[in-house]
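Chain residues, written in single-letter form:
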Amino acid sequence: MLCLGIESTAHTVGVGIVDDKCRILANESSVFSPLKGGIHPREAANHHAENVVSLIRAALLKSSVDPHDLDVIAFSMGPGLGPCLRTGATAARALALAVDKPLVGVNHCVAHLEIGRATTGCGNPVLLYVSGGNTQVIAFAEGRYRVFGETLDIGVGNLLDKFARGVGLGFPGGPLVERLAAEGSELVALPYSVKGMDVAFSGMLTAALELHKGGRILGDLCYSIQETVFAMLTEVSERAMAHLGRNEILLGGGVACNERLRSMVGRMAGDRGAKAFVPEAALCVDNGAMIAWTGLLMHRSGSRLEIQDSLVNQRFRTDQVDVNWMAVGAQ
Ligand code: AMP
Ligand code: MG
């Protein structure tokens, strides 16, 4: 079985093709980076519209798959930016109609989890999903992926991007903050905002930008942001693991590329006799392969979607999805 998946929730438009062993035959993408300021949804959607057809062609070419040999077409149904989601969904509908194949709408957050489970070999983990717009602690319980903790304001990647932009570093901020953090040595006190298994970051963003204006060394600030933010995320992940009695933690989302976060979570897992799993970087960031794989799991477990029901959902919650493929996917 072959599935082509289209990702387009935010800055990335991606097209992936996977088979039923989760072999990734193609995973092509293009990232919209604004020259100035944040992501404007319409501008990002225009970028996606300009690139999606050539990405579909490139993915088919790379995988040597004839479009008529695809079994199912999947797309990111949400959560995300409306214009961006609609662009990906339109491309998926057009392709599904052109080759007369079924369509599947995938929850983006669930896709991060599924691609991690399939490619790292973990079974039933707690997922720390850390990306630009999302920050969630997720685990499977009673038929659904439930959100045990999440950000109460902005996503952790958004914090790093906004800080980097505010101090003139550029975009995306995460890798730039990581590089500068290596030059820092002094831990500056920043708001540590953990409420149960939830976190909040906007107070830290304001404080860090103020400290920068006050002349604090940028390397020290980057170092302190990383130490504080990743300690918060490690703490809530550990609380979820303890609460649920799980001995696996899986990282996902673009911020999971960060070495310091990986090492903190790895250390926490090791200390409690658990294991940490991290997908390769190309599968941590937003990508089409994770949508294709989750679409394949859903289709294989009987999920069906008519074109007229394929509207996107900007606020699609992780726990709205009936995970009836779990028994199949866990094999
Ligand atoms: P995503 O939304 O999952 O595609 O991930 C994009 C986010 O990941 C952006 O906010 C980036 O700043 C962030 N990111 C990428 N690489 C790193 C890194 N090495 N450290 C921290 N954040 C990162
Ligand atoms: Mg994402």
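Above this note sits the structure.
Computed from a predicted structure; not experimentally measured.

Q: What should I look at first to understand the site of ligand 1 in this one?
A: Taken together, the neighbourhood of ligand 1 is formed by 18 residues, with D161, G174, E178, G254 and N258 sitting nearest. Note that an oxygen atom of ligand 1 is positioned 2.9 Å from one of the backbone N or O atoms of G174. Take D286: an N or O atom from its main chain is 3.2 Å from an oxygen atom of ligand 1. Isolated, ligand 1 exposes 500 Å² of accessible area, and the fraction of that covered by the protein chains is 92%. Those elements that place two or more of their residues in the shell around ligand 1 are α4 (156-166) and α5 (173-181). If you tally residues by element for the shell around ligand 1, the top one is α5, at four residues.

Q: Which parts of the structure should I look at to understand the nonpolar core?
A: What tends to happen in soluble globular proteins is that the nonpolar side chains get buried as a cluster. Of all hydrophobic cores here, the largest spans 61 residues; its most connected members are L4 and Y145. Here this core takes eight residues from helix α10 (residues 288-300), the largest share from any one element. Among all residues touching Y145, those that are not within four sequence positions of it are V110, L113, E114, R117, I138, A139, F140, T318, D319, V323, W325 and M326.

Q: Explain the packing of helix α1 (residues 41-63) against helix α2 (residues 82-99) to me, please; I cannot follow it from the model alone.
A: For any two helices packed against each other, the geometry comes down to the angle between their axes and how far apart the axes lie. Running from N to C, α1 and α2 point in directions that differ by 25°, and their axes come no closer than 8 Å. Considered as vectors, α1 and α2 are oriented roughly parallel to each other. Judged by the sense of rotation from one axis to the other, the crossing of α1 with α2 is right-handed. Together, P41, R42, A44, A45, H48, A49, V52 and I56 of α1 and P83, C84, T87, A91 and L95 of α2 make up the contact between the two elements. By residue class, the composition of the contact of α1 with α2 is ten nonpolar, two polar and one charged.

Criteria and thresholds
- Here the residue numbering is sequential within each chain, running from 1 through the sequence in written order.
- Each chain gets a letter, beginning with A, and each ligand a number, beginning with 1, in the order they are written.
- Local features in a predicted model are, by the rule used here, given only for residues with pLDDT of at least 70; side-chain atom pairs are given and counted only at 80 or more, and totals for whole chains, interfaces and linings are based on all residues.
- To get the side-chain values, all heavy atoms of the structure are used, and hydrogens and water are removed first.
- One heavy atom suffices: a residue is near a molecule or strand as soon as one of its heavy atoms comes within 4 Å of it.
- Between N or O atoms, a polar contact is any pair within 3.5 Å; within protein, one atom must be a potential hydrogen donor and the other a potential acceptor, and residues adjacent in sequence are included only when both atoms are from side chains.
- Methods summary: accessible areas were calculated by the Shrake-Rupley approach with a probe of 1.4 Å, and residue burial reflects only the protein chains presented.
- Here a helix means four or more residues in a row that DSSP labels H or I, a strand means two or more in a row labelled E, and each is numbered from the N terminus.
- Definition of nonpolar core: a set of buried residues of the types Ala, Val, Leu, Ile, Met, Phe, Trp, Tyr and Cys, connected through side-chain atoms within 4.5 Å.
- Burial classes: relative accessible area under 20% of the type maximum marks a residue as buried, over 50% as exposed, and values in between as partly exposed (1.4 Å probe, protein chains only).
- In this description, contact between two residues means that some pair of their heavy atoms is separated by no more than 4.5 Å.
- In this analysis an axis means a line fitted to C-alpha atoms, helices contributing only their contacting stretch, and an angle means the value between N-to-C directions, from 0 to 180 degrees.
- Here is the rule for angles: anything less than 35 degrees is roughly parallel, anything more than 145 is roughly antiparallel, 65 through 115 is roughly perpendicular, and the remaining ranges are oblique.
- Crossing handedness is defined as follows: a turn of the near helix away from the far one that is anticlockwise and smaller than a right angle gives a left-handed crossing, while the clockwise case is right-handed.
- Gly is placed with the polar residues, together with every amino acid not listed as nonpolar (Ala, Val, Leu, Ile, Met, Phe, Trp, Tyr, Cys and Pro) or charged (Asp, Glu, Lys and Arg).

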